[in-house]
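Structural overview
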Amino acid sequence: MQIIRNRFMVNHIPRFGFKYMSDSTFLNEEHLQIQKAALDFAKEKMLPYSAEWDKKHHFPKDVLRELAAMGFSTIYVKQESGGVGLDRLTASVIFEALSYGDVTTTAYLTIQNMCAYMVDQFGNEEQKKTWIPRFGTFDAFASYCLTEPNSGSDSKNMKTFAKKDGNDYVINGSKCFISGGSVSDVYLLMCKTSEKDVSCILVEKGTPGLSFGKLEDKMGWNASPTAMVLFDNVRVPQSNLLGKEGNGFKMAMSALDGGRINIASCSLGGASFAFDLAKDYLHDRKQFGQPLAAFQGLQFKFADMATNLVTSRLIVRQAAQMIDNSHPDKTLYSAMAKRYATDSCFNVANEALQLHGGYGYLREYQVERIVRDLRVHQILEGTNEIMKVIISRNLLK
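The shown structure was predicted, so the numbers you read here are calculated from the model rather than taken from an experiment.

With respect to the overall build of the protein
Tallying secondary structure elements over the protein gives 12 helices and 10 strands in all. Over its C-alpha trace the protein gives a radius of gyration of 21 Å, about what one expects of a compact globule, namely 21 Å for 397 residues. For the protein, with 397 residues in total, the buried portion stands at 55%. Pairs at least 24 apart in sequence give 75% of the contacts found in the protein among residues at least 6 apart. On the protein, roughly 16800 Å² of surface is accessible, and the fraction owed to carbon and sulfur atoms is 51%. For the protein, the separation between the mean place of its 46 positive charges and that of its 43 negative charges on side chains is 3 Å.

Following this line, the structure appears as C-alpha cells:
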C-alpha cells in the first residue's frame, strides 16, 4: 500500500502521458512543433510545482515571464504590432499543452493574451506602442473587468459609469471576480459612458481612487489572485478610451468567442492530466487479486472518459479554426465548444477522482486539484447555461 501511496503523491508524472493530447487532427507540422515545446515546458517548469503553488496560493510571475519569452503572452497579436501573429488554433494547442502542467497559471495566461488582443484590435497606435511590448514580456500584467456584483450574465445591466469631465473620465463603480485583481498593472474596464453605451477604458494601477477588495478564498484557481476592483472617483484621461465610445459591448463579445475557446482548451489540458493519472492508477492498484484495469465496469468508465476527451478536443479545434476563418457561425460553435468541453472535461476529471477511490479525495494527491480547478470553467467566459441560450438563439433565429 505504501508503494501505491508514494507513487501517486504530488510529484508523480504519469508514465502513460500525452497519448490523447498528441491527436494531430486539424494540426500541421508547425502546430506539432509548438505543441511539443509547450508540453516540454509544462512537464519541466509547471507540473512539478503546481501542487505547491495551489497550496501556498503562489502566483508564479517568474514562470509567466518565461512563457512570455517563448512568445506565449501575445500569441495572436499581429506581428506588426509586436506580437507573434499565430492563429487561434495554435493558441488552443498551446493552452491545452500548458494546462497539463498547471491549469490556473495557463488560465491567467489566456487573460493576458485576450487583453493584448483587444489593444491590438481596437487600440490606437500610441496605446499599442505603450502596452503590447509590456504585455509581451509580462513587464505589465493585465486584467479584464466585465463582471459586477449585480450583473454577471446580464452584463448590459452594469452600473459602473465613466462620466466626462473636461478632458477626463471620472469613474465610479465596482467589478468582481477579477483575475489578477490587485496584482495587475492595468485594467481593461468595461463601463457605461451613457445610459445605453458601454465603452472600454484603460485604468492603470496606482491611479487615485482605484482600490481592491480582499483576495477571494476560492475552491480552485488558487495560484492566481482574484479580487474585487473598486472605482471611487477614479480620474483618467479620455485618451485612455480603447476603441470608440459606445463600442465596448461589441468589443467584449468579439473577445469572448476566443476566450471561450481558450478556457475550453485549459479544460482539455487539465482533463488529459487527470485521465493519465487514472490510467496509471488502474494499472498499479490491485483489488481482489488483480489490477483495477482488469475489471470490465472500470474499463467501460475509462472508455467513456477517453471518448469524451477526444470529442471535446475535436469540437474545440473546429471552433478555433472557424474563428481563424471568420466563419459566420464562429460564435455558435465557440459556444458549443465551450459548453461541451468544459462540462465533459470536468466530468472526466471527476471520474478520474472516483477511480482513485478515497486516495483521490486527499490533497496530497493531484487529481482533486484538477477537479477544483476545472469546475469554474463551467461558469466563467459566460456560464454554460448562457452558452445554451446562445446556441438555441442562433439555431432558431
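Considering the nonpolar core
In this structure, Phe 72, Leu 98, Met 118, Tyr 144 and Met 190 are the most contacted members of the largest nonpolar core, which totals 98 residues. With residues up to four places along the chain from it excluded, the contact list for Leu 98 reads Ala 38, Phe 41, Ala 42, Met 46, Leu 67, Phe 72, Thr 106 and Leu 109. Ile 178, Tyr 187, Leu 210 and Leu 241 belong to the second largest nonpolar core, which has 16 residues in total.

Brief notes about the pairing of strand 2 (residues 161–165)
Sheet topology note: the strand 2/strand 3 (residues 168–179) ladder contains 5 bridges and is antiparallel. Looking at the pairing, Lys 164 lines up with Tyr 169 of strand 3. Counting the residues that bridge the hairpin from strand 2 to strand 3 gives 2 residues, and of these Gly 166 lies at a positive phi of roughly 65 degrees.

Notes on the UniProt feature "domain: Acyl-CoA oxidase/dehydrogenase middle" (unreviewed entry) in the protein
Here, the residues flagged by UniProt with the feature "domain: Acyl-CoA oxidase/dehydrogenase middle" (unreviewed entry) are residues 144–234. Between the first and last C-alpha atoms of residues 144–234 the distance is 17 Å; the span itself is 0% helix and 49% strand.

Remarks on the packing of aromatic side chains
By the definition in use, this model includes 13 aromatic pairs. A centroid spacing of 5.2 Å and a plane angle of 70 degrees characterise the contact between Tyr 100 and Phe 273, whose relative ring orientation is edge-to-face. Of the two residues, Tyr 100 sits in helix 5 (residues 88–101) while Phe 273 sits in helix 8 (residues 248–284), which places them 173 residues apart along the sequence. Looking at Tyr 100, the relative accessible area reads 2%, which means it is buried.

Brief notes about the side chain of Asp 102
Note on placement: Asp 102 falls in the loop between helix 5 and helix 6 (103–122). It turns out Asp 102 is buried and unbridged, and the closest side chain with the opposite charge, Arg 369, is 4.6 Å from it. Polar contacts involving the side chain of Asp 102 include one to the side chain of Thr 105, which spans 2.6 Å. Here Asp 102 is in contact with Met 46, Ser 50, Trp 53 and Ala 223, once residues within four sequence places are set aside.

Structural notes on the packing of helix 6 against helix 8
One way to put it is that helix 6 packs onto helix 8 with a least axis distance of 10 Å and a crossing angle of 155 degrees. Put simply, helix 6 runs roughly antiparallel to helix 8. Of the two possible hands of crossing, helix 6 and helix 8 adopt the one that is right-handed. Listed contacts from helix 8 to Val 103, Thr 106, Ala 107, Thr 110, Met 114, Tyr 117, Met 118 and Phe 122 of helix 6 are Met 251, Ser 254, Ala 255, Asn 262, Ile 263, Cys 266 and Gly 270. Split into classes, the residues belonging to the contact of helix 6 with helix 8 amount to 10 nonpolar, 5 polar and no charged.

Remarks on helix 9 (residues 296–324)
Its 29 residues place the ends of helix 9 42 Å apart at the C-alpha level, agreeing with the 42 Å of an ideal helix rising 1.5 Å per residue. Positive backbone phi, at 50 degrees, marks Ser 326, one or two positions downstream of helix 9.

With respect to helix 5
Between its terminal C-alpha atoms helix 5 stretches 20 Å, which fits the 20 Å expected from 14 residues at 1.5 Å a residue. Within helix 5, 14 of the 14 residues are buried, which leaves it mostly tucked inside the rest of the structure.

Description of the state of the cysteines
For the coordinates displayed, the defined rule picks out 0 disulfides. A disulfide-free cysteine, Cys 176 has its sulfur positioned 10 Å from the sulfur of Cys 145, the nearest such atom. For Cys 176, a relative accessible area of 5% gives the class buried. Between Cys 191, a free cysteine, and Cys 200, which holds the nearest cysteine sulfur, the sulfur-to-sulfur gap is 7.9 Å. By relative accessible area, which is 0% here, Cys 191 ends up buried.

Quick look at unusual backbone geometry
With a phi angle near 55 degrees, His 57 is a residue other than glycine that sits in the positive phi range. Among the secondary structure elements, His 57 is positioned in the loop between helix 3 (50–56) and helix 4 (61–69). Taking relative accessible area as the criterion, His 57 reaches 43% and is therefore assigned partly exposed. Phi at Phe 138 takes a positive value of approximately 60 degrees, unusual for a residue other than glycine. Within the secondary structure, Phe 138 sits in the loop between helix 7 (125–137) and strand 1 (142–145).

Conventions adopted
- Residues numbered from 1 in each chain as written.
- Predicted model: local features only at pLDDT ≥ 70, side-chain atom pairs only at ≥ 80, totals over all residues.
- Heavy atoms only, no water.
- Helix = DSSP H or I, 4+ residues; strand = E, 2+ residues; numbered from the N terminus.
- Rg over C-alpha atoms; globule rule 2.2 N^0.38 Å.
- Buried < 20%, exposed > 50% of the residue type's maximum accessible area, 1.4 Å probe, protein only.
- Contact = heavy atoms within 4.5 Å.
- Areas by Shrake-Rupley, 256 points an atom, 1.4 Å probe, with all protein chains shown as cover.
- Lys, Arg positive; Asp, Glu negative; His and termini not counted.
- Charge placed at Lys NZ, Arg CZ, Asp CG, Glu CD.
- Core = buried A, V, L, I, M, F, W, Y, C linked by side-chain atoms within 4.5 Å.
- Pairing = 2+ DSSP bridges.
- UniProt positions renumbered as here; feature names shortened; annotations may be inferred.
- Phe/Tyr/Trp six-rings, centres within 6.5 Å; stacked < 30°, edge-to-face > 60°.
- Salt bridge = Lys/Arg side-chain N within 4 Å of Asp/Glu carboxyl O.
- Polar contact = N/O pair within 3.5 Å; in protein donor to acceptor, adjacent residues only side chain to side chain.
- Axes fitted to C-alpha atoms, helices over the stretch in contact; angles between N-to-C directions.
- Parallel < 35°, antiparallel > 145°, perpendicular 65-115°, else oblique.
- Left-handed = near helix turned anticlockwise from the far one by under 90°.
- Nonpolar A, V, L, I, M, F, W, Y, C, P; charged D, E, K, R; others polar.
- Expected span 1.5 Å × (residues − 1).
- Disulfide = S-S within 2.5 Å.

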